[in-house]
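These are the residues of each chain, in order.
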Amino acid sequence: YTEQVQLAGWAAFDAGLNDRAARHFAASLAASEEADDQALVGNSLAFLAYQQAFHLSPDVDLAEASYERAESAAPSRVLALLLERLAFTYAVAGDVYETERTLDLARASLRAAAGPLAPDWVSWVDETEMDIMAGRCWSQLRRPLRAIPLLTSALSRYEDSHARDKALYLSWLASSYADAGELEHAAAVTNRVVDLATGVASERPWLRILELARRFVRNHRVRHTLD
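Residues numbered from 1 in each chain as written. Predicted model: local features only at pLDDT ≥ 70, side-chain atom pairs only at ≥ 80, totals over all residues. Heavy atoms only, no water.

A.B. asks: Give me the lowdown on the pattern of salt bridges, citing residues and values where you can.
C.D. replies: Scanning the entire structure with this criterion turns up 15 salt bridges. With its nearest N and O atoms 2.9 Å apart, the salt bridge here joins Arg69 to Glu33. Of the two residues, Arg69 sits in helix H4 (residues 60-70) while Glu33 sits in helix H2 (residues 18-35), which places them 36 residues apart along the sequence. For Glu33, a relative accessible area of 35% translates into the label partly exposed. (Salt bridge = Lys/Arg side-chain N within 4 Å of Asp/Glu carboxyl O. Helix = DSSP H or I, 4+ residues; strand = E, 2+ residues; numbered from the N terminus. Buried < 20%, exposed > 50% of the residue type's maximum accessible area, 1.4 Å probe, protein only.)

In structure tokens form, the structure reads like this:
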């Protein structure tokens, strides 16, 4: 039940139904507490914190609690997921030191072989995912020299058939190009984001597109580059 409610919450979050998503995540937290499943407790808290961080209202205490609750009992791959999402919250909060430290811990946890067998719901967390999240964190912190190589390399391994994910992650690459002063590159990547996001049932890439458009709207060169 808990995993299903978490998935329902994630689908609602991705569709922009944030109040519904928060209710699902709260329900999953209550169920995982009742079952005494600390990995799912941590994941429920991480969902709640990640939702807030994505909307630029980071709750560092909540994100830290997601890892602390699971730290002693969860498989290393679960801890890697919780740590990378904690790093994103730190990045949104503007904490460079904690972002870098936590990203390093996340990658070390992913590579660790010790601990119980990881559940199926975390099987997608791999080195490419780590590179994507690290790139997003450095993009959020406006460190384009760190973000661009990570995102470019990781996204080269993404097929266009993963349109929603690729559109969302490319939006951070576009932001980093803009931060680096490469506005034409930023606009070209943004056009690619629009192409991939068109027809995808997810609000999150479009929120990022609107954010990018606001950055570009006052720049004459970019206005003529955007389709």
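From this point on, the discussion continues.
A.B. asks: Quick one: what's the story with unusual backbone geometry, residue by residue and with numbers?
C.D. replies: With a phi close to 55°, Asp36 is a non-glycine residue in the positive phi region. With respect to the secondary-structure elements, Asp36 resides in the loop between H2 and helix H3 (38-54). Backbone geometry places Leu56, a non-glycine residue, at a positive phi of 65°. Here Leu56 lies in the loop between H3 and H4.

A.B. asks: With reference to specific residues and values, describe the side chain of Arg204.
C.D. replies: Relative to the helices and strands, Arg204 resides in helix H11 (residues 204-216). With near-sequence residues (within four places) excluded, Arg204 lies in contact with Trp10, Phe13, Asp14, Tyr50, Phe54, Arg136, Arg164 and Leu168. (Contact = heavy atoms within 4.5 Å.)

A.B. asks: For the packing of helix H9 (residues 163-179) against H11, give the residues involved together with the corresponding values.
C.D. replies: Relative to each other, H9 and H11 sit at 20°, their axes nearing to 9 Å. Of the possible angle classes, the one that applies to H9 and H11 is roughly parallel. As H9 packs across H11, the resulting crossing turns out to be left-handed. The residues of H11 that touch H9, namely those facing Arg164, Ala167, Leu168, Ser171, Trp172, Ala174, Ser175, Ala178 and Asp179, are Arg204, Pro205, Arg208, Leu212, Arg215 and Phe216. Along the lines of polarity and charge, the residues of the contact of H9 with H11 split into eight nonpolar, two polar and five charged. (Axes fitted to C-alpha atoms, helices over the stretch in contact; angles between N-to-C directions. Parallel < 35°, antiparallel > 145°, perpendicular 65-115°, else oblique. Left-handed = near helix turned anticlockwise from the far one by under 90°. Nonpolar A, V, L, I, M, F, W, Y, C, P; charged D, E, K, R; others polar.)

A.B. asks: Would you mind going over helix H8 (residues 144-155) in detail, with residue names and values included?
C.D. replies: Between its first and last C-alpha atoms H8 spans 16 Å; for twelve residues at 1.5 Å apiece the expected length is 16 Å, and the two agree. If you check which residues of H8 are buried, you get Pro144, Ala147, Ile148, Leu151, Ala154 and Leu155. Projected down its long axis, H8 carries its buried residues within an arc of 150°, all on one side. Buried residues along H8 sit against helix H7 (127-140) and H9. (Expected span 1.5 Å × (residues − 1). Arc of directions from axis to C-beta.)

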